[in-house]
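If you want the building blocks of each chain, they are given just below.
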Amino acid sequence: MAVTLRQRNKAGVTAAEKQASAVDDKGRTETWGRSFQISFLTRAICASIIAFCPLMVIAFWSACTHYQCSLMALGGRVLDTPPTKTGLWQLIVDLFPHPTKEGFMLFGGWLIYQGVMYAIVPSMIGYGQRTPAGHRLPYKVAIHHVNGLNIWIITHALFLAGSLQFGLFPASIIADNWGALLVATNVYGYILTVFVYIKAHLFPSHADDRKFSGSWLYDFYMGIEMNPRFGKLWDFKLFHNGRPGICAWTLINLSFAAKEFETKGYVSKEMIALNLMHAVYVVDFFYNEDWYLRTIDIAHDHFGFYLSWGDSVWLPWMYTLQSHYLLRNVVHLSPAVYALVWALEIGGYIIFRVANHQKDYVRRMDGKCKIWGRDARFIRAEYLTSDGKKHSSILLTSGLWGFTQHFNYIGDLMMCTAFCMTCGFQHLLPWFYVIYMSILLVHRTLRDDDRCRAKYGVYWDEYQKAVPWRLIPYVY
Ligand code: NDP
């Protein structure tokens, strides 16, 4: 049947026809991972996210900077503003972050530094998942902890030595320039989105892995190119998510902890816990960077506003809200709550790591391995790529993957809850992270279901019979 599909595609059909018709007798399509016929609602959601998310980040920054992270107080100020030209202008002047030369220089320097480190720090080559067009791309990653983890260690050592040892800059430098950095990263996030949109049309890296949905807005938001690159190895997605994005995460926290010490004369146990817990998440990411190549971000998402602006702005600002909150507020968790925070963190981390490891391990070993002391159980699933070739993959059904289809998300959400709990229960703002992650991950379970069904056809149905629950057994 695959041969028939190839013949039909070569005969030249429209994208929409291809999507509708290119399904073989096993329910698989050669065009999985592609989107066609984007609904009006989806386009409206994309437009709203592009327009409102930057305002949301600014609102959260503003609430923290001017109103001790109280969204109610910020809302009150907005509602009290007379709807006149002067009133609205004054509101913007008072509440929006201001651009500064230092902000642009700091962020520009950070990007250049990360770009150079990505290029020069020794690395080994890891391989991503096979793309819908059939490529298996090489990446410079931290196999045996070479590139990403080394860069993280060097960066943090330089930051601590430069600030604490040699006094070249205050350790609070990021917190001090937080508003100006927000402006600089937003400018960069939008420029990057426009650049990759144009690049996808004019000089794509892998033309056959581009996704044209028929809606320019959706393409701008979700991205056209799957793996935009400079040359063979300078990968936009891996670089922007991991290097300026995730590497900044722990530096930002450190800087807010330094600012807390400067203003309050101590670093609270809540701030210490938050720094440690975020560091575990970030170091785990870099230690297992090779694994990251086979997750949805790298293996399936295309590079548009969602990832380019998201990695540049959303990730560093919204993922570190708790340290901003702890700087602006005094929180004293009782010993019992503090212990609960750590229990959630440790339990969540174990689930997260074990689940992610089991999935990667069984595929690396081609199923010839034990999970929890027993032979791994799995479904050997076949899929097609758009070059007409047939490949096989493994869908694990034992270990934590026997409980639900995304048990790794449960571990992540437990850790997210622990992060938020360090801020106590007074305000909604620091809890935004777990709310956002819950929406993101639940939505992912649906997105992943659609994509895997198109990719694996009847094998996915078989998998769903073996593991019927998406996230929480007997609930969802
Ligand atoms: P998964 O690790 O669950 O990967 C899903 C993919 O794995 C599927 O698309 C499929 O891809 C493959 N797969 C599905 N079922 C099985 C199975 N039973 N056995 C083997 N492979 C299977 O999802 P994510 O990539 O979203 O998440 C990875 C980790 O990153 C998670 O722990 C998550 O919590 C975390 N995360 C963190 C975020 C953050 O911002 N902090 C954001 C998103 C995720 P295929 O078969 O095509 O290879």
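Per-chain numbering applies: the sequence of each chain, read as written, is numbered from 1 onward. In view of the model being predicted, local features appear only for residues whose pLDDT reaches at least 70, and side-chain atom pairs are presented and counted only at 80 or more, with totals across whole chains, interfaces and linings using the full set of residues. Values reported for side chains reflect all heavy atoms of the structure, with hydrogen atoms and water molecules removed beforehand.

- Under an unreviewed UniProt entry, the name given to the chain is 7-dehydrocholesterol reductase, and the organism recorded is Thamnocephalis sphaerospora.
- Recorded in UniProt under Sequence similarities (unreviewed entry), the annotation for the chain is "Belongs to the ERG4/ERG24 family." UniProt positions are given in the numbering used here, feature names are shortened, and annotations may be inferred rather than shown by experiment.

**Focus on the overall build of the chain**
And step 1. Helix and strand definitions here come from DSSP, where helices need a minimum of 4 consecutive H or I residues and strands a minimum of 2 consecutive E residues; each element is numbered from the N-terminal end. Check the secondary structure of the chain and you find 20 helices and eight strands.
And step 2. Relative to a compact globule of 476 residues, whose C-alpha radius of gyration would be 23 Å, the chain shows 23 Å and is just as compact.
And step 3. In this scheme, a residue with accessible area under 20% of its type's maximum is buried, one over 50% is exposed, and one in between is partly exposed, where area comes from a 1.4 Å probe on protein chains only. Counting every position in the chain, which comprises 476 residues, the buried fraction comes to 55%.
And step 4. Should any heavy atoms of two residues lie within 4.5 Å, those residues are counted as being in contact. Sequence-distant contacts in the chain: of pairs separated by 6 or more residues, those separated by 24 or more amount to 74%.
And step 5. Methods summary: accessible areas were calculated by the Shrake-Rupley approach with a probe of 1.4 Å, and residue burial reflects only the protein chains presented. Carbon and sulfur atoms provide 67% of the accessible area of the chain, an area that totals close to 20900 Å². Each radius of gyration reported is based on C-alpha atoms, and the globular scaling rule is 2.2 Å times the count of residues to the power 0.38.

**Concerning the state of the cysteines**
And step 1. Any two cysteine sulfur atoms lying within 2.5 Å of each other are counted as a disulfide. Evaluation of the coordinates by the stated rule reveals one disulfide.
And step 2. Between the sulfur atoms of C64 and its disulfide partner C69 the distance amounts to 2.2 Å. One disulfide, between C64 and C69, carries an S-S torsion of 110 degrees and so falls in the right-handed class. Accessibility assignment for this pair places C64 and C69 in one class, buried.
And step 3. Summary of cysteine pairing: C423 is not part of a disulfide, and the nearest cysteine sulfur, belonging to C420, is at 7.1 Å.
And step 4. On the accessibility criterion, C423 (2% relative accessible area) is buried.
And step 5. You can see C452 has no disulfide; the closest cysteine sulfur is in C369, sitting 19 Å from it.

**Focus on the UniProt feature "transmembrane region" (unreviewed entry) in the chain**
And step 1. Here, UniProt's "transmembrane region" (unreviewed entry) annotation points to residues 40-63, 104-128, 149-172, 178-198, 336-355 and 428-446.
And step 2. When the span residues 104-128 is considered, its composition is 68% helix and 16% strand, and the gap between its end C-alpha atoms is 34 Å.

**Examining the confidence of the model for the chain**
Any segment with low pLDDT has predicted coordinates that should not be analysed in fine detail.
And step 1. Confidence scores here are pLDDT values: one per residue, from the predictor, ranging 0 to 100. Model confidence for the chain is summarised by a mean pLDDT of 88, while 93% of its residues fall at 70 or above.
And step 2. Long-range and interchain partners of residues 1-17, a stretch whose pLDDT sits below 50, account for 25 contacts in this model, where long-range means more than four residues apart.

**Observations regarding the layout of surface pockets**
And step 1. Cavity means a closed set of points on a 1 Å grid over the protein atoms alone, one where a 1.4 Å probe fits but cannot get out, pocket means an open set with protein on both sides within 12 Å along at least 5 of 7 lines, and lining means a residue has an atom within 4 Å of a point. Grid points are joined across faces, edges and corners, and a volume is the space filled by probe spheres set on the points. When its volume is computed, the second largest pocket comes out at roughly 600 Å³.
And step 2. In this structure, the second largest pocket is lined by 27 residues; those nearest its centre are L106, W110, F159, I174 and L251.
And step 3. Secondary structure elements with two or more residues in the lining of the second largest pocket: α6 (101-120), α7 (147-165), α8 (173-176), α9 (178-202), α11 (236-264) and α15 (305-318).
And step 4. Examining the composition of the lining of the second largest pocket, we find that seven residues originate from one element, α6, more than from any other.
And step 5. In this classification, the charged set is Asp, Glu, Lys and Arg, the nonpolar set is Ala, Val, Leu, Ile, Met, Phe, Trp, Tyr, Cys and Pro, and all remaining amino acids, among them Gly, are polar. When the residues that make up the lining of the second largest pocket are grouped by side-chain class, the tally is 20 nonpolar, six polar and one charged.

**Notes on the packing of aromatic side chains**
And step 1. Stacked, tilted and edge-to-face pairs are distinguished by plane angle, under 30 degrees for stacked and over 60 for edge-to-face with tilted covering the rest, among Phe, Tyr and Trp rings (Trp via its six-membered ring) whose centres lie within 6.5 Å. In this structure the tally under the stated criterion is 44 aromatic pairs.
And step 2. With centroids separated by 5.4 Å and ring planes inclined at 35 degrees, the aromatic side chains of Y281 and F352 adopt a geometry described as tilted. With Y281 in helix α12 (residues 269-287) and F352 in helix α17 (residues 335-364), this pair connects stretches of sequence that are 71 residues apart.
And step 3. Take Y281: its relative accessible area is 15%, and that puts it in the buried class.
And step 4. Taking the centre distance of 4.6 Å and the plane angle of 65 degrees together, the rings of F285 and Y292 count as edge-to-face.

**Quick look at the site of the ligand**
And step 1. Any residue with a heavy atom lying within 4 Å of a molecule or strand is counted as near it. Lining the immediate environment of the ligand, one finds 30 residues, of which Q129, Y319, D448, R451 and Y456 sit closest.
And step 2. Here an oxygen atom of the ligand sits 2.6 Å away from a polar atom, N or O, in the side chain of R363.
And step 3. Any pair of nitrogen or oxygen atoms within 3.5 Å is treated as a polar contact; in protein, a donor-acceptor pairing is required on top of that, and neighbouring residues in sequence qualify only through side-chain atoms on both sides. Between an oxygen atom of the ligand and a side-chain N or O atom of R451, the distance comes to 2.5 Å.
And step 4. Burial of the ligand by the protein amounts to 95% of the accessible area it has alone, namely 920 Å².
And step 5. Of all the elements, helix α19 (residues 432-456) adds the most residues to the shell around the ligand, at 10 residues.
And step 6. Of the residues that constitute the shell around the ligand, the class distribution is 17 nonpolar, six polar and seven charged.
And step 7. For each domain, the first and last residues come from an automatic or database assignment. Viewed by domain, the shell around the ligand spans two of them, domain 1 (2-39 + 102-332) and domain 2 (333-476), each represented by three or more residues.

**Some words on the nonpolar core**
And step 1. W314, Y319 and M437 are the most contacted members of the largest nonpolar core, which totals 118 residues.
And step 2. Here this core gathers at least three residues from each of two domains, domain 1 (2-39 + 102-332) and domain 2 (333-476).
And step 3. The contact partners of W314, leaving out residues within four places of it in the chain, are C53, M56, V57, W309, Y319, F432 and Y436.
And step 4. Of all hydrophobic cores here, the second largest spans five residues; its members include L192, V196, F303 and L307. Only buried Ala, Val, Leu, Ile, Met, Phe, Trp, Tyr and Cys residues count toward a nonpolar core, and they belong to the same one when joined by side-chain atoms within 4.5 Å.

**Some words on the environment of P97**
And step 1. Tracing the chain through its elements places P97 in the loop between α5 (85-95) and α6.
And step 2. Residue P97 is classed as buried on the basis of its relative accessible area of 11%.
And step 3. In sequence terms P97 and W110 are 13 residues apart; their C-alpha atoms lie 20 Å from each other.
And step 4. If sequence neighbours within four positions are ignored, P97 has contacts with I58, W61, G179, L182 and V183.

**Regarding the pairing of strand β8 (residues 390-396)**
And step 1. Among the seven residues in β8, five count as buried, and that is most of the element.
And step 2. Strands qualify as paired when DSSP identifies two bridges or more between them. As judged from the seven bridges shared by strand β7 (residues 378-384) and β8, these two strands associate in the antiparallel manner. Paired with L384 across the two strands is K390, which belongs to β8.
And step 3. Taking the residues that link successive antiparallel strands as the turn, the β7-β8 hairpin has five residues, and the phi of G388 there is positive, at about 85 degrees.

**Points about the pattern of salt bridges**
And step 1. What makes a salt bridge here is a side-chain nitrogen of Lys or Arg within 4 Å of a carboxyl oxygen of Asp or Glu, nothing more. Using the criterion set out here, one finds 23 salt bridges in the structure.
And step 2. The salt bridge involving D366 is made with R380; its shortest N-O contact spans 3.0 Å. Of this pair, D366 sits in the loop between α17 and β5 (370-371) while R380 sits in strand β7, and the two are 14 residues apart along the sequence.
And step 3. Using a relative accessible area of 37% as the deciding quantity, one classes R380 as partly exposed.
And step 4. Between D449 and R470 there is a salt bridge whose closest N-O contact spans 3.0 Å. Of this pair, D449 sits in helix α19 while R470 sits in the segment after α20 (458-466); the two residues are 21 residues apart in sequence, bridging distant segments of the chain.

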